[in-house]
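Report on the structure
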Amino acid sequence: MDSGTHLVMGVALGGLALADPVVANHSMTFGAVMAGTILGSQAPDVDTVLKLRNNAVYIRHHRGITHSIPAVLLWPIGITAILSLIFQEANILHLWLWTFLAVFLHVFVDIFNAYGTQALRPFSRKWVALGVINTFDPIIFGIHCIGILLWAFDFEPVRTFTIMYLIIIAYYVIRFAVQGAVKKAVHNTIQDEDYVIVAPTMRFFNWRIAAKSKTHYYVGSAYGRTINIYDKFEIHPIPKTAIVDKALEDPNLSAFVSFSPIYRWEISELDNGLTEVRLIDLRYRSNDRYPFVAVAHIDDDLNIINSYTGWIFSEDKLQRKLQIGASE
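Residues numbered from 1 in each chain as written. Predicted model: local features only at pLDDT ≥ 70, side-chain atom pairs only at ≥ 80, totals over all residues. Heavy atoms only, no water.

- Within an unreviewed UniProt entry, the label attached to the chain reads Metal-dependent hydrolase, and the organism entered is Lysinibacillus antri.

Next up, the structure:
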């Protein structure tokens, strides 16, 4: 989920912690727990700072080790240790328990996004992504905001947030049912698909579709059970050449391949004598474009002159990014 949603989740969980008599009857402990649930709800996303290095590092590692099993265990210990120095009279055990729940809930809800997490590390590096909730879901965010607002107007927090979470659980169940119906509709439309991605959007009934058969890629959208296929690409294996092999060794293209489960490629000769290898993620069609790409320019001596991976919504901006990369 996005940072804003994780924040309101932390506040709501802090309010729900008043169901714990130790928290409810000790103001210092309550203050520490509220700080712990807010910090715990944000801590796993500390890897967002990897964007400051470059997109390749961010793509390869975001929601990786910081969302792993060891991290889920270590974040609450670290946060509790720091807060115990500030709230010295707080109950450490209950502070740790609610902080742990905040961290766990952060990682757990991220599994339901299309991006997913490596939540099973160190046992598996597989990305766990159920793809039923958009990274920002206005319904989930709005329900949390309503719950917090009611609390501010003196509604009883435990009852309020309990009802809120029951509504959200029902919402998740409905989302799974809708996604299942969309997948069935995709099968009825394409029929010979081997692999289908049905990804959520911010609109309840709208879904993005990317599918692969033995011969073609399909890109489209769904509104309920109505499937619209916008693009159909014949599948061709990427050539096994020295230039392609070199391009795929580049950190930007390597990160892209590790992240994208369904993409197509383009190889072209540029006017300046360089060869361009471009990988295009088919999951994110927007305004007739595919903005998530990885590009490398290679000379005849197999030197990578420049490369880039990330979100690009115009060709001019991509070329500027590549020029910046070449000058660094």
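1. A short note on the domain arrangement of the chain
- Per the domain assignment, the segments making up the chain are domain 1 (3–130), domain 2 (175–232) and domain 3 (242–326).
- For domain 2 versus domain 3, the distance between C-alpha centres works out to 26 Å.
- Across the domain 2 to domain 3 interface the summed buried area is about 830 Å²; carbon plus sulfur atoms make up 67%.
- On the domain 2 side of the interface with domain 3, the three residues burying the most area are Arg208, Tyr217 and Val219, jointly 48% of the side's total.
- Inspection of the domain 2/domain 3 interface yields one salt bridge.
- Of the charged contacts, one joins Asp231 and Arg285 as a salt bridge, the two residues approaching to 3.1 Å between their closest N and O atoms.
- Summed over the shared surface of domain 2 and domain 3, the result is four residue pairs in polar contact (both at pLDDT 80 or more).
- If you list the elements that add at least two residues to the side of domain 2 that touches domain 3, you get strand 1 (193–200), strand 2 (206–213), strand 3 (216–223) and strand 4 (226–234). (Domains from an automatic or database assignment. Buried area = accessible area lost by both parts, 1.4 Å probe. Salt bridge = Lys/Arg side-chain N within 4 Å of Asp/Glu carboxyl O. Polar contact = N/O pair within 3.5 Å; in protein donor to acceptor, adjacent residues only side chain to side chain. Helix = DSSP H or I, 4+ residues; strand = E, 2+ residues; numbered from the N terminus.)

2. Considerations on helix 7 (residues 138–152)
- Across its 15 residues, helix 7 extends 21 Å between first and last C-alpha, which sits within 8% of the 21 Å expected from 1.5 Å per residue.
- Among the residues of helix 7, those classed as buried are Ile140, Ile143, His144 and Gly147. The buried residues of helix 7 occupy an angular sector of 95 degrees when projected down its axis, which confines them to one face. Those residues of helix 7 that are exposed and aimed more than 90 degrees away from the buried face are Ile146, Leu149 and Ala152.
- Next to the buried residues of helix 7 lie helix 1 (3–16) and helix 8 (157–190).
- Measuring from the backbone nitrogen of Ile139 back to the side-chain oxygen at the start of helix 7 gives 2.9 Å, which picks out Asp137 as the cap.
- Of the residues trailing helix 7, Asp154 is marked for its positive phi of about 70 degrees. (Expected span 1.5 Å × (residues − 1). Buried < 20%, exposed > 50% of the residue type's maximum accessible area, 1.4 Å probe, protein only. Arc of directions from axis to C-beta. Contact = heavy atoms within 4.5 Å.)

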